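Residue-level structural notes
The lines below spell out each chain.
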Amino acid sequence: PDHSALGYSVGVTLDRFIKMKQDDFPFASGELSQILRDIALASKIVNREINRAGLSNIGGAFGSTNVQGEEQQKLDVVANIRFSRALTKGGEVCAIVSEEDDEVIDLQNSSGKYVVAMDPLDGSSNIDVNISIGTIFSIYRRVTPVGSPIQPEDIMQPGNKQVAAGYVLYGSSTMLVYTTGKGVNGFTYEQSLGEFFLSHPNICAPKDGKIYSINEGLNSQISEGIKNYITSCKERDFSARYIGSLVADFHRNLLKGGIYIYPSTAKAPEGKLRLLYEANSLAFIAEQAGASASDGKNRILDIQPTSLHQRTPLYIGSTVMVEEAEGHLKEAT
Ligand code: AHG
Ligand code: MN
Ligand code: MN
Ligand code: MN
């Protein structure tokens, strides 16, 4: 139907888009659309809680630390509960890996065919100061028979086995961006209608860029190679943009062209970011948008995980920039 008579065209909703693209998903599209609907629902609830954090008493620290040794913020815990509950109720998922849970959450769901790895709230240090935060997720198909007990091989899958991945960005507008391996599409949340509408179809990242994102406070701890790369960015008058929220920094660089680096440091030789629910998810999105993601040497998606919360250095964004940074790293070793 032509809505132009209303003076605006109501875009395609997330639900309708998934149905339109059902042959894009290698398995029954109903299963994927259910999981994405569960994630979208939880993100709407978390979005509302984020918007009210200052008014209700859910800002600040929760008073416990997670397995990463980080002090959990109340919203870390709230978001973890909301996403876990939505995925449990959706009925398609058999296990969840979360930054906020030490062990795998076994949903005891004998018909669940999918495993979800998630960072329920990314950029927690920004919650109380009203700076954009995010949610990151990866979706895998379990590899052992449906209904049998969850095995490590269901969980420790390399990123190249993802069937879908995405993120929610709670920014000046709230967006859901995801891929099922057939390109990347972005949806913007219309609060008054409670719907995500297609706003960024077929996102393609610029091959090169002039934005670099790294915490330069780490300079005393990082390798000469990366210092040389950052110097070369400065010599070319690139812009430094780093807000301490990976999802927001990544999304800006994906659209405008740029590189985000969280390198190996003296204190954290494996870097800070986690492979299963930060690096892998964004690496899948990056590659589907024509960009790149490596640990400085190896393609992120080819890394075989060995532990649930393992960390990896992350160089992600415009391909030319990632390759340049890798070149500087190689020179220095
Ligand atoms: P999380 O809040 O999920 O623990 O992730 C925070 C990450 C990432 O979002 C951000 O880019 C990075 O930590 C910031 O780390 P530094 O403060 O060390 O720069
Ligand atoms: Mn954290
Ligand atoms: Mn994070
Ligand atoms: Mn987090």
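Residues numbered from 1 in each chain as written. Chains lettered and ligands numbered in written order. Predicted model: local features only at pLDDT ≥ 70, side-chain atom pairs only at ≥ 80, totals over all residues. Heavy atoms only, no water.

An unreviewed UniProt entry lists the protein under the name Fructose-1,6-bisphosphatase class 1, with Echinicola arenosa given as the organism. Entered under Subunit (unreviewed entry) in the UniProt record, the comment concerning the protein runs "Homotetramer." (UniProt positions renumbered as here; feature names shortened; annotations may be inferred.)

**Section: unusual backbone geometry**
Here Asn-130, not a glycine, exhibits a phi torsion of approximately 60°, which is positive. For Asn-130, the location among the structural elements is in the loop between strand E5 (114-122) and strand E6 (133-141). With a relative accessible area of 73%, Asn-130 lands in the exposed category. Of note, Asp-237 is a non-glycine position whose phi angle comes to about 55°, a positive value. (Helix = DSSP H or I, 4+ residues; strand = E, 2+ residues; numbered from the N terminus. Buried < 20%, exposed > 50% of the residue type's maximum accessible area, 1.4 Å probe, protein only.)

**A few points about the pairing of strand E10 (residues 195-200)**
Inspection of the sheet shows strand E9 (residues 184-190) paired to E10 by five bridges, in the antiparallel sense. Note on E10: the bridge partner recorded for Phe-187 is Leu-198. Taken together, E9 and the strand that follows it, E10, pair antiparallel across an intervening segment of four residues, in which Gly-194 is found at a positive phi of about 65°. (Pairing = 2+ DSSP bridges.)

**What to know about the coordination of the manganese ion (ligand 3)**
Around a metal, the perfect tetrahedron of four donors has angles of 109.5 degrees, and the perfect octahedron of six donors has angles of 90 or 180 degrees. In the first shell of the manganese ion (ligand 3), the protein supplies Asp-119 (OD), Asp-122 (OD) and Glu-278 (OE), at 1.9 to 2.1 Å from the metal. Read in sequence order, the donor residues coordinating the manganese ion (ligand 3) give the pattern D-x2-D-x155-E. The distance between the manganese ion (ligand 3) and the manganese ion (ligand 2) comes to 5.3 Å. Each of the two residues, Asp-119 as well as Asp-122, counts as buried. (Donors = N, O, S within 2.8 Å, 3.2 Å for Na, K, Ca; no water.)

**Points about a nonpolar patch on the surface**
There is a patch of nonpolar side chains on the surface, built from Val-129, Ile-131 and Ile-243 and spanning about 220 Å² of accessible area. Among the secondary structure elements, Ile-131 is positioned in the loop between E5 and E6. We classify Ile-131 as partly exposed; its relative accessible area is 36%. (Patch = residues over 30% accessible without salt bridge, like charges linked within 9 Å, V, L, I, M, F, W, Y side chains within 5 Å. Areas by Shrake-Rupley, 256 points an atom, 1.4 Å probe, with all protein chains shown as cover. Salt bridge = Lys/Arg side-chain N within 4 Å of Asp/Glu carboxyl O.)

**Some words on the pairing of E9**
Buried residues dominate E9, accounting for five of its seven residues. Bridging between strand E8 (residues 174-179) and E9 involves five bridges; their strand directions are antiparallel. Counterpart to Thr-179 in the pairing with E9 is Val-184. In textbook terms, the turn of a hairpin is the stretch between consecutive antiparallel strands, and for E8 and E9 this stretch comprises four residues, one of which, Gly-181, has a positive phi near 95°.

**Here we look at helix H7 (residues 275-288)**
With twelve of 14 residues buried, H7 is to be regarded as a mostly interior element. All of the buried residues in H7 are Leu-275, Leu-276, Tyr-277, Glu-278, Ala-279, Asn-280, Ser-281, Leu-282, Ala-283, Phe-284, Ile-285 and Ala-286. Once H7 finishes, Gly-290 follows within two positions and takes phi at roughly 85°, a positive value.

**Some words on the coordination of the manganese ion (ligand 4)**
Glu-99 (OE), Asp-119 (OD) and Leu-121 (O) make up the full set of protein donors to the manganese ion (ligand 4), lying at 2.0 to 2.2 Å. Here the manganese ion (ligand 4) and the manganese ion (ligand 2) are spaced 3.6 Å apart, linked through Glu-99, which binds each one.

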